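Each chain, letter by letter, is given below.
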Amino acid sequence: MTPRTKGIRTSKLVNEIQPSGIRKFFDLASSMDNIISLGVGEPDFITPWSVREACISSLERGYTAYTANAGMLELRVEISNYLKKQFQLPYDPKNEIIVTVGASEALDIALRAIVDPGDEVIVVEPTFVSYAPLVTLAGGKPVSVGTSVEANFRLMPEQLRAAITPMTKAIMVSFPNNPTGSTMNYDELEAIAKIVEEYDLLVISDEIYAEMTYDGNHASIANIPGMRERTIIISGFSKAFAMTGWRLGFVIAPSDITSAMLKIHQYTMMCASTMAQHAAIEALQNGMDDVGKMVQSYKQRRNYFVKSFDEIGLPCHVPGGAFYAFPSIKNTGLTSDQFAEQLLLTERVAVVPGHVFGSGGEGHIRCSYATSLDNLKEAVTRIDRFINTLK
Ligand SMILES: Cc1ncc(COP(=O)(O)O)c(C=O)c1O
């Protein structure tokens, strides 16, 4: 047995991972005045009033105790109805759905439920910053597969095939994607599903931006015949319902995987917040009109923003979903770090350098359009002025 290294107090796994690149950058921005922030990954809307009211009423009625570990059955039934109606995904509320503390917890318990030490998990990048660190924390090895603007940031079947080894256990995908806004349609996912089946893999599919699909309908990989049995879907209330601060998400999977996830959830969280669960029931029962209005507004902003980037000379592929634009800054000759830092210091616009989202992200910046059209217009003016100083 190798002896313990004396004096080192934190675990090797934790020492291996880096703090989030987004936070590091925004600590700098938060110390400055007159900033236009395109950096935050959260809605600029306040949670619809009736949802807030349901939370207040929950407190007034004295619902201050734990709920069932998997979440209130009434809420799971609503989630099940919602999934069937919106995405044609049939799931049993009793043993295939767990209400979690944000989609973040859902990602964590999904990975910990399936990964054994040394297992490889393919992470399709650029993507949300937590995936690779969560794989590491679960004892697995993240294997990055980059996508490119030329492929509209979609996962190409041959790339997936090339990354698979005998140790590969699962792949993590997220469409609509953060940071690229890219989406994949049913046929494209079908080509991926074939390989997943061939190699007997699992899929963790983060579909938290599903409602924000602007062109056509959202397709889930679980919709493809044979895939429901190998897919864990991550979702939640943060984005579509403008509920980031409520910390409420859900995870859905076949019952053997759900019961494994429930063990971890039981020991670490017990259950999600009771008043937030009451609010979520109201959100699903009566909040869909509000979701529709917010999504319309994001679509309008997307159209304006993408066109403006192209006009000022930062080519931007059209994001089919989520609320991020991911324009190329390659023409400027700067790295994404240099671009983001100089733009912040000279024009006070905060964006996120593309490289923090992993392979394929360098040469781009992530700009969230979950902010008012006026702010977007001012940001475009400032970015245009900044790039003109580089010429
Ligand atoms: C793709 C993706 N998954 C999960 C999350 C986390 O969501 P939650 O706030 O519900 O934990 C985010 C937040 O930005 C995200 O972009």
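This structure is a prediction, so every number in the text was calculated from the model and none was measured.

Student: Go over the nonpolar core with me, naming the residues and quoting the values.
Tutor: Membership of the largest hydrophobic core comes to 106 residues, with the highest contact counts inside it found for L38, L83, I232, F237, F339 and I383. Sort the elements by how many residues they give to this core and helix α11 (residues 288-312) lands first, with eight residues. Shared between two domains, this core takes at least three residues from each, and those domains are domain 1 (13-47 + 288-390) and domain 2 (49-286). In terms of nonpolar packing, the next biggest core, distinct from the first, is built from 23 residues, I192, A193, L201 and M227 among them.

Student: I'd like a description of unusual backbone geometry, backed by residues and values.
Tutor: A cis amide bond links F175 to the next residue, P176, at an omega of -10°. Here the bond from N178 into P179 is cis, since omega is 25°, no more than 30 degrees from zero. Relative to the helices and strands, P179 is located in the loop between β5 (168-173) and α8 (186-198). Positive phi is not limited to glycine here, since M270 has a value of about 70°. Summarising the element assignment, M270 is placed in the loop between α9 (255-268) and α10 (274-286).

Student: Describe the pattern of salt bridges, listing the residues and the values that go with them.
Tutor: When the charged atoms of two side chains with opposite charge come close together, those side chains can pair. Taken as a whole and assessed by the stated rule, the structure comprises twelve salt bridges. Here E96 makes a salt bridge to R228, at a shortest N to O gap of 2.7 Å. Residue E96 is located in the loop between α4 (73-87) and β2 (97-100), and its partner R228 is located in the loop between β6 (202-206) and β7 (231-236); the two are separated by 132 residues in the primary sequence. By relative accessible area, which is 11% here, E96 ends up buried. Taking the relative accessible area as the measure of exposure, R228 reaches 21% and is therefore partly exposed. Notably, a salt bridge pairs R230 with D200, separated by 3.0 Å at the nearest N-O pair. Residue R230 is located in the loop between β6 and β7, and its partner D200 is located in the loop between α8 and β6; the two are separated by 30 residues in the primary sequence. Here the salt bridges do not stand alone but share partners, grouping E96, R228 and E229 into one network.

Student: Can you tell me about the site of the ligand, naming the residues and giving the values?
Tutor: Near the ligand there are 13 residues, and of these S104, D206, S238, K239 and R247 occur at the shortest range. One of the side-chain N or O atoms of N178 is found 2.8 Å from an oxygen atom in the ligand. At 2.7 Å from an oxygen atom of the ligand is found a side-chain nitrogen or oxygen belonging to Y209. Counting residues per element, the shell around the ligand draws most heavily on helix α5 (residues 102-114), at three residues.

Student: Now, about the sheet that holds strand β11 (residues 352-353): what can you tell me, with residues and values included?
Tutor: The sheet built from three strands is open, its strands ordered β9-β12-β11 with antiparallel pairing. A single partner strand is all that each edge strand has here, and the edge strands are β9 (324-325) and β11.

Rules used throughout
- Residues numbered from 1 in each chain as written.
- Predicted model: local features only at pLDDT ≥ 70, side-chain atom pairs only at ≥ 80, totals over all residues.
- Heavy atoms only, no water.
- Core = buried A, V, L, I, M, F, W, Y, C linked by side-chain atoms within 4.5 Å.
- Buried < 20%, exposed > 50% of the residue type's maximum accessible area, 1.4 Å probe, protein only.
- Helix = DSSP H or I, 4+ residues; strand = E, 2+ residues; numbered from the N terminus.
- Domains from an automatic or database assignment.
- Salt bridge = Lys/Arg side-chain N within 4 Å of Asp/Glu carboxyl O.
- Near = heavy atom within 4 Å.
- Polar contact = N/O pair within 3.5 Å; in protein donor to acceptor, adjacent residues only side chain to side chain.
- Pairing = 2+ DSSP bridges.

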